[in-house]
Amino acid sequence: MKDFPKVLFERLEIPNIHKISVFQEHGGYQMAKRALQMAPEEVTKIVTDSGLRGRGGAGFPTGMKWSFVPKDASKIKYLLCNGDESEPGTFKDRILMEKMPHLLLEGMIIAAHAIDCHRAYIYIRGEFTESIAALEKAIEDCHTENILGKNIFGTKFNLEIHVFKGAGAYICGEETGLISSLEGTKGWPKVKPPFPAIAGFNRLPSIVNNVETLAAVPWILKNGAQAYRKFGTEKSPGTKLFCLSGPVKNPGTYELPCGFPLKDLIFDIGGGLLDDLNLKAVIPGGASAKILTAEEALKTTLCYEGCQTMGTMLGSGGVIVIPHTQCMVDLLHVVSYFFKDESCGQCTPCREGTGWMHKIVDSILHQRGRPEDVQLLLDISENIQGGRTICALADAAAWPVESYVKKFKQEFVDHIEKKACNLYKYSASL
Amino acid sequence: MKVSFSPKALKEFNSFEGLFDNPKSRLLPTLHLAQREFGHLSTEVIDYVAALLNLPSAKVMQVASFYTMLHKKSVGKYEVTICTNITCAMMKSRELLAHTLKKLNVKEKDMTQDKKFTIRREECLGACDKAPALRINDTYYYNVTPEKLDKILESLPS
Ligand SMILES: Cc1cc2nc3c(=O)[nH]c(=O)nc-3n(C[C@H](O)[C@H](O)[C@H](O)COP(=O)(O)O)c2cc1C
Ligand code: SF4
């Protein structure tokens with residue numbers, strides 16, 4: 001396999017890199033130290049110039065987000081690292097948190113300095129016991145080394161970072177749901193605006209950034225914005241982590257320059273599908289992303305604009321490979337159940353719509369479908385998307401329904417008309 | 001029955017105060033701690049947490065019931081959560097769930113009679129490259145087959 005440039009995984013293979021001493025032997029925390037000698041605006045400018053975009057799914061420019069934080073020195077500001085990683089098909093932040101906890105902390109120190117924050121949190125989904133333990137230990141060791149706490153590296157800068165354990169709710173990955181959860185209420189998303197950068201945690205300015213986003217910051221500071229832009233495309237600079245799963249020979253997490261061909265990820269790096277299986281479809285960016293047919297997937301490049309051209313999104317980078325043996329009604333049954341289950345229930349279109357869509361898919365799967373159901377699914381999916389709800393979960397629920405039904409319509413029709421399907425599906429009701 | 005934290009748990013609870021600017025943020029950490037102490041969040045536990053945090057019990061209950069990892073009724077010594085999301089489903093995790101429920105003769109989310117196991121499905125566990133994946137209490141297991149799971153469950157002490 002060809003060697004690709006590494007930003008996040010540069011030091012991943014170094015034995016015991018999760019230990020503070022080893023991390024420091026390999027240049028760790030030098031960039032945090034350097035950042036603290038710089039003016040905050042200078043740090044933000046480098047990140048802005050690098051073109052780094054948020055890796056949590058939406059791809060918002062990171063430096064620009066930081067610059068929205070009011071410069072009012074009397075106000076408390078928070079940095080909230082989003083380690084909720086619950087988008088189905090995604091398992092990249094977990095690797096960074098478990099294997100490179102200090103890289104994330106270094107990125108957080110730099111970001112905290114840039115936005116003048118002295119208290120930061122890492123919200124980690126409750127299931128990630130090892131990530132939680134790794135970061136708690138890393139934070140403790142930083143205190144011993146005066147890398148966190150008061151007067152870091154002998155400067156005037158103070159910073160505390162705390163781990164906050166989630167408790168099993170996909171919606172707490174949505175930034176305002178995360179904030180509600182931190183505030184001790186149900187993880188209900190909040191109406192935007194105001195955006196968190198203006199009024200977030202405790203209604204104070206807060207920056208929410210994904211783990212992968214923050215972990216890229218030390219490299220950018222070290223090598224400069226232009227060096228980062230050498231990788232990737234103009235609109236999607238840098239590298240990104242891609243999580244390859246499904247029946248392929250080499251599933252796993254790979255760091256690749258943005259703009260990498262999806263085909264090469266699956267067939268070259270991933271080694272192709274397991275014996276006797278052919279490619280039927282690909283979900284390129286986690287369960288929320290619209291599905292691509294095999295033909296479309298072969299033409300797709302893995303960057304924001306490349307996925308957009310194909311009518312889908314890069315999302316979280318969760319690439320799920322679907323073999324020709326898989327029944328798409330069955331797969332949509334799984335996905336629509338997920339969104340129905342995870343809707344927080346605040347908004348009627350989302351709460352009712354996700355339930356209806358799952359119920360209809362369920363009846364089609366179990367030989368109770370009616371001819372009009374195909375159109376009904378498309379109508380509901382259209383009616384709940386497009387900013388009609390407090391958060392984007394409703395859109396995320398609508399996109400799979402719309403794309404599976406449109407692109408694999410015949411399978412839905414066959415299920416309804418012939419009441420039979422000879423592709424792989426799980427038959428008992430689950 | 002009245003419940004209360006052990007001195008050690010109480011010490012941990014007291015340490016939460018320093019972590020947040022608003023004391024309300026202590027609720028979720030306290031619920032995690034209470035579950036670790038008492039096994040599940042019974043009405044008594046909810047009332048106790050409410051009293052500790054000076055919140056109405058209804059509010060504590062509302063939050064507790066929002067999260068799948070917080071148990072409102074007692075669960076087995078081993079909680080087995082099987083991912084049934086896209087990749088795991090394609091790699092036959094639903095068969096794994098059905099097999100295990102049948103083998104242990106128990107309904108999803110109920111406890112086995114010997115109180116050893118509670119089995120339930122879970123959404124994506126973030127281990128899709130090693131599907132099907134599941135967790136037993138805090139430990140992950142990967143590429144699990146029905147035979148493998150039978151062996152794992154048998155090997156766990158009662
Ligand atoms: C339903 C939903 C779930 C989300 N889940 C996550 C998540 O698990 N992790 C994450 O980093 N961002 C998630 N996001 C995106 C966040 O709202 C937010 O955009 C992101 O954390 C910002 O960080 P970034 O700019 O570094 O990407 C989710 C968004 C939605 C609408
Ligand atoms: S869109 Fe759905 S998940 Fe988001 S706030 Fe509304 S009901 Fe909750």
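Residues numbered from 1 in each chain as written. Chains lettered and ligands numbered in written order. Predicted model: local features only at pLDDT ≥ 70, side-chain atom pairs only at ≥ 80, totals over all residues. Heavy atoms only, no water.

## Things to note about the overall build of chain B
Assigned secondary structure in chain B consists of 7 helices and 4 strands. When its helices and strands are written in sequence order, chain B yields α-α-α-α-β-α-α-β-β-β-α. Counting only C-alpha atoms and orienting by the principal axes, one finds that chain B spans roughly 50 × 35 × 25 Å. Expressed as a percentage of the 158 residues in chain B, the buried residues total 53%. Restricting to contacts in chain B with at least 6 residues of sequence separation, those with at least 24 account for 60%. As displayed, chain B has an accessible area near 7,600 Å², and 53% of this comes from carbon and sulfur atoms. Computing the positive centroid from 24 side-chain charges and the negative centroid from 18, chain B places the two 1 Å apart. (Helix = DSSP H or I, 4+ residues; strand = E, 2+ residues; numbered from the N terminus. Buried < 20%, exposed > 50% of the residue type's maximum accessible area, 1.4 Å probe, protein only. Contact = heavy atoms within 4.5 Å. Areas by Shrake-Rupley, 256 points an atom, 1.4 Å probe, with all protein chains shown as cover. Lys, Arg positive; Asp, Glu negative; His and termini not counted. Charge placed at Lys NZ, Arg CZ, Asp CG, Glu CD.)

## Considerations on helix H3 (residues 43-53) of chain B
Residues and elements named next belong to chain B. Along H3, the residues classified as buried are Val45, Ile46, Tyr48, Val49, Ala50 and Leu53. Of the surrounding elements, those touching the buried residues of H3 are helix H1 (7-16), helix H2 (27-38) and helix H4 (57-64). Looking one or two residues past H3, Asn54 carries a phi angle of roughly 60 degrees, positive in sign.

## Description of the site of ligand 2
Ligand 2 sits among 13 residues. The nearest are Cys344, Gln346, Cys347, Cys350 and Cys391 of chain A. A breakdown of the residues in the shell around ligand 2 according to their chemical character gives 9 nonpolar, 4 polar and no charged. (Near = heavy atom within 4 Å. Nonpolar A, V, L, I, M, F, W, Y, C, P; charged D, E, K, R; others polar.)

## Section: the pairing of strand S2 (residues 117-122) of chain B
Walk down a regular strand and you will see the side chains alternate between the two sheet faces. All names here are of chain B. Burial of S2 is extensive: 6 of the 6 residues sit out of reach of the surface. Here S2 shows no split at all, with Phe117, Ile119 and Arg121 on one side and Thr118, Arg120 and Glu122 on the other all buried. The pairing of strand S1 (residues 78-83) with S2 spans 6 bridges and is classified as parallel. Bridge pairing in S2 links Glu79 to Thr118. (Pairing = 2+ DSSP bridges.)

## Thoughts on the packing of helix H14 (residues 328-342) of chain A against helix H15 (residues 348-365) of chain A
All names here are of chain A. Close contact between H14 and H15 brings their axes to 9 Å; oriented N to C, the two are set at 155 degrees. Classified by the angle their axes make, H14 and H15 are roughly antiparallel. Of the two possible hands of crossing, H14 and H15 adopt the one that is left-handed. On H15, the residues touching Val329, Asp330, Leu332, His333, Ser336, Tyr337, Phe339 and Lys340 of H14 are Thr354, Gly355, His358, Val361, Asp362, Ile364 and Leu365. Grouping the amino acids of the contact of H14 with H15 by side-chain chemistry returns 7 nonpolar, 5 polar and 3 charged. (Axes fitted to C-alpha atoms, helices over the stretch in contact; angles between N-to-C directions. Parallel < 35°, antiparallel > 145°, perpendicular 65-115°, else oblique. Left-handed = near helix turned anticlockwise from the far one by under 90°.)

## What about the packing of aromatic side chains?
Across all of its chains, the model carries 22 aromatic pairs over all chains by this definition. Residues Phe4 of chain A and Phe260 of chain A carry aromatic rings whose centres are separated by 5.1 Å and whose planes lie at 85 degrees to one another, so their mutual orientation is edge-to-face. Here Phe4 of chain A is found in the segment before helix H1 (20-25), whereas its partner Phe260 of chain A is found in strand S7 (residues 260-261), with 256 residues between them in sequence. Under the relative-accessibility criterion, Phe4 of chain A is labelled buried at 14%. Residue classification places Phe260 of chain A among the buried residues on the basis of a relative accessible area of 9%. Ring plane angle 5 degrees and centroid distance 5.7 Å describe the contact between Tyr121 of chain A and Phe20 of chain B, whose orientation is recorded as stacked. Here Tyr121 of chain A, found in strand S2 (residues 119-124), pairs with Phe20 of chain B, found in the loop between H1 and H2, and the two come from separate chains. (Phe/Tyr/Trp six-rings, centres within 6.5 Å; stacked < 30°, edge-to-face > 60°.)

## What to know about the sheet that holds strand S5 (residues 239-245) of chain A
Residue and element names in this part refer to chain A. With respect to topology, 5 strands assemble into an open sheet ordered S6-S5-S11-S8-S9, the strand pairing being mixed. Whereas interior strands pair on both sides, the edge strands pair on one side only; in this sheet they are strand S6 (252-257) and strand S9 (292-293). For strand S8 (residues 279-283) and S9, the ladder comprises 2 bridges, and the chain directions are antiparallel. For Ala281, the partnering residue across the bridge sits in S9 and is Thr293.

## Description of the domain arrangement of chain B
Its domain assignment divides chain B into domain 1 (7-66) and domain 2 (78-155). The centre of domain 1 of chain B, based on its C-alpha atoms, is set 29 Å off from the matching centre of domain 2 of chain B. (Domains from an automatic or database assignment.)

## Focus on the environment of Ile152 of chain B
Residue and element names in this part refer to chain B. Tracing the sequence through the fold places Ile152 in helix H7 (residues 146-155). Ile152 sits 101 residues away from Ala51 along the chain, and the two C-alpha atoms are 41 Å apart. Aside from chain neighbours lying at most four places away, what touches Ile152 is Ile136 and Tyr141.

## Some points on the pattern of salt bridges
All names here are of chain A. Tallying each qualifying case throughout the model produces 32 salt bridges over all chains. Across the pair Arg94 and Glu98 runs a salt bridge, and its minimum N-O distance is 3.0 Å. Here Arg94 pairs with Glu98, and both are found in helix H5 (residues 93-99), just 4 residues apart, close to one helical turn. Note that Asp414 and Lys418 form a salt bridge whose closest N and O atoms lie 3.5 Å from each other. With Asp414 and Lys418 both in helix H18 (residues 409-418), this residue pair falls 4 residues apart, about one helical turn. Classification of Lys418 by relative accessible area gives exposed; the value is 57%. Taken together, the shared-partner salt bridges in this structure form one network comprising Arg55, Lys92, Asp93, Glu212 and Lys240. (Salt bridge = Lys/Arg side-chain N within 4 Å of Asp/Glu carboxyl O.)

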